[in-house]
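Working through the structure, step by step
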Amino acid sequence: MPLAPANQAQLIRSSQKDEYYRSVLRNSANEAYQSVAGSKQWLDWRREIELLSDFAYYGLTTLSGYQTLGEEYVGIIQVDPGQRQIPSQGRRWLLVLCHAFFPYILEKALVCVENELEGGQEMRGRRQVASGGWSLERWLRRAVGKALGLLTEQQRRACQPAVFVIQQSVALLQRLHVALFYISGSFYHVSKRAAGISYLRVTGPNAGEPTIRSSYRLLGTVSFLQLLIAVALQLNNFRQRQRARQEWRLYRNLSPQHSASSNPRAARCTLCLEARRHATCSPCGHLFCWECITEWCNTKTDSFSTTTGSRSSSLHQSG
């Protein structure tokens, strides 16, 4: 009897079991290293210990040609794209690297880029005085610092939003991939799609198979619609931020005589603590600089500890 493809419920249950046993192995390795090397060293190497624990788990299972504990629990086996034989060693290595190593590298690289762009000269000074042996994180910091050090200050400011965009894009792509998995029933993880590894079940036929797949297709459709709404909201928020920045630049470049008060002791804006420029009144009666209050309204969801919230549409310039 030919083996049938595993359904969504089996793949999810297998992944949950594997995640549980990986977490047990990670916790044990972290506790052992912390007791031997101390808390400070453990904090510095915690992510690397978790990475080595994942490699140990997959090295004893997938890379050795065996089922993982989760796959054995639900009765499924890995197969190549032809679904006639187990994946080759190269495909299994690609699966483990994409599943464990590449996310680690991407996370570390984005953190290093973000810190370098925000810290600037301070981060470069810390690297010069930092001591210690070689580590992947220090190597990444030095490599990112050298690369970003070639950029001008204006280029560095332009690159700052790119890190946020990449982080959000990765999260959205993962959600899209899960929605597609619910609909198609294959490749629960991006790493398995990249390696071309799918699953066949070794158990007997399930009478409720059509119902299971139909339910997950409905869930996938709902997840896809939810993702579209989330993307639309994020794009709208991005446009509002861009509009606020443009208005900020516009009013900042206005002639000073329209904004500066003739009184040398003019009241100060409580946000920037400087003399108010283009004084703007909020619904609660407070006065601020136009650029300060519009940026606040577009980046903050709370009000100014008053009974009335402020939005940029309800602001009034006082001349």
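For the structure, check the block above.
Now for a quick tour of the structure. (Residues numbered from 1 in each chain as written. Predicted model: local features only at pLDDT ≥ 70, side-chain atom pairs only at ≥ 80, totals over all residues. Heavy atoms only, no water.)

With respect to the element layout, Arg47 can be found in helix H2 (residues 39-60). Considered as a pair, Arg47 and Arg26 are 21 residues apart in the sequence and their alpha carbons are 9.7 Å apart. Apart from residues lying up to four places away in sequence, Arg47 is in contact with Tyr104, Glu107 and Lys108. (Helix = DSSP H or I, 4+ residues; strand = E, 2+ residues; numbered from the N terminus. Contact = heavy atoms within 4.5 Å.)

Right, let's get into helix H7 (residues 153-184). Its 32 residues place the ends of H7 47 Å apart at the C-alpha level, agreeing with the 46 Å of an ideal helix rising 1.5 Å per residue. Among all positions of H7, only Arg156, Val163, Leu172, His177, Ala179, Phe181 and Tyr182 are buried. Gly185 sits one or two residues past H7 and shows a positive phi near 85°. (Expected span 1.5 Å × (residues − 1). Buried < 20%, exposed > 50% of the residue type's maximum accessible area, 1.4 Å probe, protein only.)

By size, the foremost hydrophobic cluster in this structure holds nine residues: Ala6, Leu11, Ile12, Val74, Ile76, Phe181, Tyr182, Tyr199 and Tyr216. Listing elements by their share of this core, those giving two or more residues are helix H1 (8-37) and H7. Contact partners of Ile76, with chain neighbours within four places excluded, come to Ala6, Gln10, Leu11, Ser14, Gln67, Glu71, Tyr199, Leu200, Arg201 and Val202. Counting seven residues, the second-largest nonpolar core is a separate cluster that includes Leu110, Leu117, Leu140 and Leu148. (Core = buried A, V, L, I, M, F, W, Y, C linked by side-chain atoms within 4.5 Å.)

Phi at Gln83 is positive, roughly 55°, even though this residue is not glycine. Its place among the elements puts Gln83 in the loop between strand E2 (76-79) and helix H4 (89-119). At Phe187, a residue that is not glycine, the phi angle is positive and equals roughly 60°. With respect to the element layout, Phe187 can be found in the loop between H7 and helix H8 (190-195).

Once that is clear, we can look at the packing of aromatic side chains. Geometry of an aromatic ring pair is reported as the spacing of the ring centres plus the angle between the planes. Applying the stated criterion across every chain, the model contains seven aromatic pairs. Aromatic side chains Tyr57 and Tyr58 sit 5.4 Å apart centroid to centroid with 80° between the ring planes, which places their arrangement in the edge-to-face category. Seen from their ring centres, Phe101 and Phe102 are 6.3 Å apart, and the 55° between their planes marks the pair as tilted. Clustering of aromatic rings is evident, with ring pairs tying together Phe181, Tyr182, Tyr188 and Tyr216. Positioned above the aromatic ring of Tyr73, the side-chain terminus of Lys17 is 4.5 Å from the ring centre. (Phe/Tyr/Trp six-rings, centres within 6.5 Å; stacked < 30°, edge-to-face > 60°. Lys NZ or Arg CZ within 6 Å of the ring centre and 35° of its normal.)

Another aspect to go through is H2. At Trp45, H2 shows its largest kink, close to 65°. When H2 is considered as a whole, its buried residues turn out to be Trp42, Arg47, Glu48, Ile49, Glu50, Leu51, Ser53, Asp54, Tyr57 and Tyr58. (Bend = angle between axes of the 7 residues up to and from the residue.)

Here we take up the pairing of strand E3 (residues 198-201). Along E3, one buried face is formed by Ser198 and Leu200 and the opposite face, lined by Tyr199 and Arg201, is buried too. Alignment of strand E1 (residues 4-5) against E3, held across two bridges, turns out to be antiparallel. Within E3, the position partnered with Ala4 by the bridge is Arg201. Where E2 and E3 come together, four bridges link them in antiparallel fashion. (Pairing = 2+ DSSP bridges.)

Here we have three strands laid out as an open sheet, ordered E1-E3-E2, and antiparallel in their pairing. This sheet does not close on itself; its edge strands, each paired only once, are E1 and E2.

Another aspect to go through is the pattern of salt bridges. The tally for this structure, following the rule as stated, stands at nine salt bridges. With a closest N to O distance of 3.7 Å, Arg46 and Glu50 form a salt bridge. With Arg46 and Glu50 both in helix H2, this residue pair falls four residues apart, about one helical turn. When the shortest N-O distance is used, the salt bridge between Arg201 and Glu209 registers 3.4 Å. Through salt bridges that share partners, Glu19, Arg22, Arg26 and Asp54 make up one connected network. (Salt bridge = Lys/Arg side-chain N within 4 Å of Asp/Glu carboxyl O.)

Relative to the helices and strands, Lys108 resides in helix H4. Not counting chain neighbours up to four residues away, the residues in contact with Lys108 comprise Arg47, Glu48, Glu137 and Leu140.

Moving on: the environment of Gln10. Following the sequence through the fold, Gln10 ends up in helix H1. Among residues more than four places away in sequence, those in contact with Gln10 are Val74, Ile76, Arg201 and Thr203.

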